[in-house]
Amino acid sequence: MLGLYMAVTLTRRGFKVVVLEQRMIIGGIWSMYANSHSQVNSSEGGYSLKDILGESGANRDHATAREMITDIGKLAKEVDASTCCGVKVVRIAKQGDGYMTISQTDHGGTHITSSRGVVLAINDRVGIPRQMTWAGQEEFKGIVTTGTNDNLAHVDWRGKRVVVVGMGAFAIENTRTALEHGAEHVTVVVRRHGTVCPKIIDYLNFVKPFDAEFQHDSTTNIKQMHQWSSLYRKSGATIPECWPEEIKHEGHTISVSDLWFVGHHMGKLCTKVATVDHFDAGGIHLSDGSRLDADIVVVCVGFIRNTHLCEKLTGSDTMKTTNYVDKHLMYLADAEIDHGAFNWFFGSSVLEYAKFFTEVYVAGLEHEEQVGEMLWGADLPTTKIQERKWSGFIAASSKLLKAKADGIPYFADAAHNQVEKRTRHFYNTLPPVAYVKSNEAEWVELHTRLNGGKPVPPELQLPYFFKDAASWCEPKAPLA
């Protein structure tokens, strides 16, 4: 998706572009690993292609895999004549003031593409799924499989006892899928508790006003963290062990799910800190000596990171925190989300991050003499490619924005335009008052769904903790 976004943007700016894709199908992880029930782990306006597609509407909040693949397909049509599938890139080498991209195809042999610049849009965190097997697994009478690629599309979840192993985004997704489709109970086996936020926390990260430094108001930040913490305690879900010092464990992502809290409150969901030791015919034995009955075991133990591909293709293990490996050579991919993501203009959304750094890349091409040293200069901060972190991109983008004071407006203007456009999209499709009302109604409906379609009396429901959230979004000055 990021490669197509970059290609379309560059094409519209008058550059000649070619897209090289190893698979015979476009769409990246959305077409490779997503399940039919997968949803975006960000609010709709924070992970949307509608702006570049020129569409005024919106997908559903936390868009579905089908909606995302549809939009990616529309994006791809614009660069269809420039896209070559079934092409495996094997090396990117310097050639004078540009690059040679050496590639191979099954039937056409080796090819060399000469260009002024190269963008590596290779997913970082979601590489090959980790494979796990345990003693006694062949004796298990139920279903055991990984939670990707629609491996569970055929499953009748009704009345089933489910164990999910792991606590990343796919683990939370499969927990939601199981309970929404009638599972009796889900136990999530974890080494440590990942961070899960209710949908409205992610929404607020994008919709609350930013100050001139792209920071949110500290008072409302405290309010939402207080309500989030209260929700954890009231629901019975376990607060991450890293709180309050850190928002999440190192190496973890932040998942978004209202069902996580309602499910705990209703006794349909729990977590257990342990590892799987072995299987028997009817369940699994854990490292703490306990045993869980299970009909379905869903393995979601993460992915092997893809950073080695960038190193292999470029011959470099180091890059600038501006995303540049070298002059006009950018590695545009997700990275480990550490601290600061909840208080910066592109948040934790890889698409919002890519929108900004796409503009950075264009500025580097259009104003090379003026901004080159700011983007790929020898004195810039660096990071090992295998250690790329969100905080490095936040720091680099913050420094680029400050260049406006020195007469270089491109980066600050791009950030302000991005936030203004995104805010307008949210206010046109999901304005705060309407969002809070809708989210509260969904909250109530979740209780009904998890109760087999029978309404739960209000006094037995998990209270909705964010009734005042719309007021936290009020700008201190009128919106443009």
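Remember, it's a predicted structure, so these values are computed and weren't measured experimentally.

K.L.:
Please clarify how the UniProt feature "domain: FAD/NAD(P)-binding" (unreviewed entry) in the protein chain should be interpreted in this entry.
P.N.:
When the UniProt feature table is mapped onto this chain numbering, "domain: FAD/NAD(P)-binding" (unreviewed entry) sits at residues 3–193. As annotated, residues 3–193 comprises 23% helix and 26% strand, and the C-alpha atoms at either end are separated by 33 Å.

K.L.:
How do you make sense of helix α10 (residues 350–366) when you look at a structure like this?
P.N.:
The first and last C-alpha atoms of α10 sit 24 Å apart over 17 residues, in line with the 24 Å expected at 1.5 Å per residue. With respect to burial, α10 is a largely interior element, 15 of its 17 residues being buried.

K.L.:
Please explain the side chain of Thr-175 as it appears in this structure.
P.N.:
Inspection of the secondary structure assignment puts Thr-175 in helix α5 (residues 169–180). Polar contacts involving the side chain of Thr-175 include one to the main-chain carbonyl oxygen of Ala-171, which spans 2.9 Å. Among residues more than four places away in sequence, those in contact with Thr-175 are Val-164, Val-186, Val-188, Leu-259, Trp-260 and Leu-269.

K.L.:
Is there a simple way to think about the sheet that holds strand β15 (residues 283–286) in this case?
P.N.:
Across a sheet, strands are paired by hydrogen bonds formed along the backbone, either parallel or antiparallel in direction. Taken in spatial order, the 3 strands line up as β14-β15-β16 in an open sheet, and their pairing is antiparallel. On the outer flanks of this sheet lie β14 (276–280) and β16 (291–293), each paired with one strand and no other. Sheet twist, expressed as the mean angle between neighbouring strand axes with direction ignored, is 25 degrees. Looking at chain direction, β14 and β15 are connected through 4 bridges and run antiparallel. Note that in β15 the partner of Val-276 across the bridge is Leu-286.

K.L.:
Even after reading the chapter, I still don't get the domain arrangement of the protein chain, so can you show me in this structure?
P.N.:
By a widely used convention, the size of an interface equals the accessible area lost when the partners come together. Domain assignment breaks the protein chain into domain 1 (1–127 + 305–426) and domain 2 (129–303). Across the domain 1 to domain 2 interface the summed buried area is about 3100 Å²; carbon plus sulfur atoms make up 52%. Ranking the residues of domain 1 by area buried against domain 2 places Asn-41, Phe-342 and Asn-343 at the top, with a combined share of 23%. A salt bridge links Lys-199 to Asp-61, with the shortest nitrogen-to-oxygen separation between them at 3.9 Å.

K.L.:
Could you clarify how one ought to interpret helix α6 (residues 199–207) in this entry?
P.N.:
Each turn of an α-helix holds 3.6 residues, which means side chains three or four residues apart point in the same direction. Counting buried positions along α6 yields 9 of 9 residues, so the element is predominantly enclosed. Those residues of α6 that fall on the buried side of the exposure criterion are Lys-199, Ile-200, Ile-201, Asp-202, Tyr-203, Leu-204, Asn-205, Phe-206 and Val-207. Looking at the buried side of α6, the elements it contacts are β11 (195–197), α7 (218–235), β12 (254–256), α10, α13 (410–429) and α14 (432–450).

Reading guide: rules and limits
Residues numbered from 1 in each chain as written. Predicted model: local features only at pLDDT ≥ 70, side-chain atom pairs only at ≥ 80, totals over all residues. Heavy atoms only, no water. UniProt positions renumbered as here; feature names shortened; annotations may be inferred. Helix = DSSP H or I, 4+ residues; strand = E, 2+ residues; numbered from the N terminus. Expected span 1.5 Å × (residues − 1). Buried < 20%, exposed > 50% of the residue type's maximum accessible area, 1.4 Å probe, protein only. Polar contact = N/O pair within 3.5 Å; in protein donor to acceptor, adjacent residues only side chain to side chain. Contact = heavy atoms within 4.5 Å. Pairing = 2+ DSSP bridges. Axes fitted to C-alpha atoms, helices over the stretch in contact; angles between N-to-C directions. Domains from an automatic or database assignment. Buried area = accessible area lost by both parts, 1.4 Å probe. Salt bridge = Lys/Arg side-chain N within 4 Å of Asp/Glu carboxyl O.

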